[in-house]
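If you want the building blocks of each chain, they are given just below.
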Amino acid sequence: MRIISLNANGIRSAATKGFFEWLRKQDADVVCLQETKAQEAQLTDPMFRPDGHHCFYHDARSKKGYSGVAIYSKREPDEVRVSLGREDFDCEGRYIEARYGNLSVVSFYIPSGSSGDERQQYKFRIMEWLTPILREWATSGRDYVLCGDWNIVHTKNDIKNWTSNQKNSGCLPEERAWLDLLFKEIGWVDSFRAIKPDAVEYTWWSNRGQARANNVGWRIDYQIVTPGLRDRLRGCSIYRDERFSDHAPFTVDYAE
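Chains are numbered independently. Their residues run from 1 in the order of the written sequence. Note on the predicted model: pLDDT of at least 70 is required for a residue's local features to be given, and 80 or more for side-chain atom pairs to be given and counted; whole-chain, interface and lining totals, by contrast, use all residues. Processing note: side-chain calculations cover all non-hydrogen atoms of the structure and skip hydrogens and water entirely.

Cut-off, in case you're wondering: UniProt positions are given in the numbering used here, feature names are shortened, and annotations may be inferred rather than shown by experiment.
Under an unreviewed UniProt entry, the name given to the chain is Exodeoxyribonuclease III, and the source organism is Luteibacter flocculans. The record held by UniProt for the chain lists under Sequence similarities (unreviewed entry) the comment "Belongs to the DNA repair enzymes AP/ExoA family." As stated in UniProt under Cofactor (unreviewed entry), the record for the chain gives "Mg(2+)".

**A short note on the overall build of the chain**
To keep it simple, the criterion reads: Strands here mean DSSP runs of E at least two residues long; helices mean DSSP runs of H or I at least four residues long; both are numbered from the N terminus. Computation of the radius of gyration draws on C-alpha atoms alone. For the globule rule, the value is 2.2 Å times the number of residues to the power 0.38. Throughout, exposure labels follow a simple rule: accessible area from a 1.4 Å probe, protein chains only, divided by the maximum for the residue type, with under 20% read as buried, over 50% as exposed, and the rest as partly exposed. Only the protein chains shown count as covering a residue, and every accessible area follows the Shrake-Rupley method with a 1.4 Å probe.
Across its full length, the chain holds six helices and 14 strands. Relative to its length of 256 residues, the chain is compact, with a C-alpha radius of gyration of 17 Å against a globular reference of 18 Å. Considered along the principal axes of its C-alpha atoms, the chain spans approximately 45 × 45 × 35 Å. Within the chain, the proportion of its 256 residues that are buried is 57%. Of the roughly 11200 Å² of accessible surface on the chain, 45% is carried by carbon and sulfur atoms.

**Some thoughts on the environment of Cys147**
Note the cut-off: Only heavy atoms matter for contacts: two residues are in contact if any of them lie within 4.5 Å across the pair.
If you trace the backbone, Cys147 turns up in strand β8 (residues 143-149). Each C-alpha atom, one on Cys147 and one on Ile4, is 8.2 Å from the other, the two residues being 143 residues apart in sequence. Filtering out sequence-adjacent residues up to four positions away, Cys147 remains in contact with Ile3, Ser5, Cys32, Gln34, Val105, Val106, Ser107, Phe108, Tyr222 and Gln223.

**Quick look at unusual backbone geometry**
If you check the backbone angles, Glu35 has positive phi at about 55 degrees while not being a glycine. Tracing the chain through its elements places Glu35 in the loop between β2 (30-34) and β3 (54-58). Taking relative accessible area as the criterion, Glu35 reaches 14% and is therefore assigned buried. Of note, the phi angle at Ser67 is positive, near 50 degrees, even though the residue is not glycine.

**Looking at the UniProt feature "domain: Endonuclease/exonuclease/phosphatase" (unreviewed entry) in the chain**
Sequence positions flagged by UniProt for "domain: Endonuclease/exonuclease/phosphatase" (unreviewed entry) are, in local numbering, residues 5-247. Spanning residues 5-247, this segment combines 23% helix with 24% strand, and its end C-alpha atoms are found 10 Å apart.

**Digging into the nonpolar core**
The criterion, for reference: Within this scheme, the nonpolar core is defined by two criteria: the residues are buried Ala, Val, Leu, Ile, Met, Phe, Trp, Tyr or Cys, and they are joined through side-chain atoms within 4.5 Å.
Membership of the largest hydrophobic core comes to 29 residues, with the highest contact counts inside it found for Ile3, Val105, Val145 and Tyr254. Apart from the residues lying within four places of it in its own chain, the contact partners of Val105 are Ile3, Val30, Cys32, Ile71, Ile96, Glu97, Ala98, Tyr100, Val145 and Cys147. Of all hydrophobic cores here, the second largest spans 27 residues; its members include Tyr95, Met127, Leu130 and Ile224.

**Things to note about helix α5 (residues 173-186)**
Rules: Expected helix span is taken as 1.5 Å per residue step, with the number of steps being one fewer than the number of residues.
End to end, α5 covers 18 Å across 14 residues, agreeing with the expected 20 Å (1.5 Å per residue, within 8%). If you check which residues of α5 are buried, you get Glu175, Arg176, Trp178, Leu179, Leu182, Phe183 and Ile186. In this structure, the buried residues of α5 make contact with α4 (117-138), β9 (189-190) and β12 (221-225). In the segment just after α5, Gly187 is the residue with positive phi, at about 110 degrees.

This is the structure:
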């Protein structure tokens, strides 16, 4: 089973940069997208319904051209969910879940706090609210794959400039402590770190300066899995050869 996750930073923009041509060659079973930045009614071109995939979008209702998540799936899910029951989160189009038997694949777009303190405080509230939900999922007996842009680095190996970013959103001690809670206490598994414990690779680069060319990046895109899936992890890769977005696609292969 191959799952790909990408923050597209605008699905129509990513399309013009060759994303769908690349995707056709990947033989992905499930594709999780974040930041589609479109309403589904605007995506009338057949490219936004890749051949052989069932396609599901959850758009932001709060404002057009903002946020939004999607899942493309070869197998038709038993159920698709788009609400976690918190309107200020749900209306921003930040969650979609496809269910297949005992497996759930989620496309998550955790809020960024980089625009200012108001959004950072909102991000903290969302983290607090999500904690019991993620604890419940981890102990539910279901297998979960949580894909997406979490807007948080976890360790020093996940960011180029560790020291200078300690006071910046995405690398704040409180944010990293939350990932510690998820991974070390609740038991969620960072698939990348399980496969590549010591690797230094990034999934996002600022558009400022020559960040991407100089590989001044952050690893903020994840596939986080329940403990029962750890032994099914087979390999992962971050694709950088083409630039579809300011993020790179992150692929994980799982044993069936």
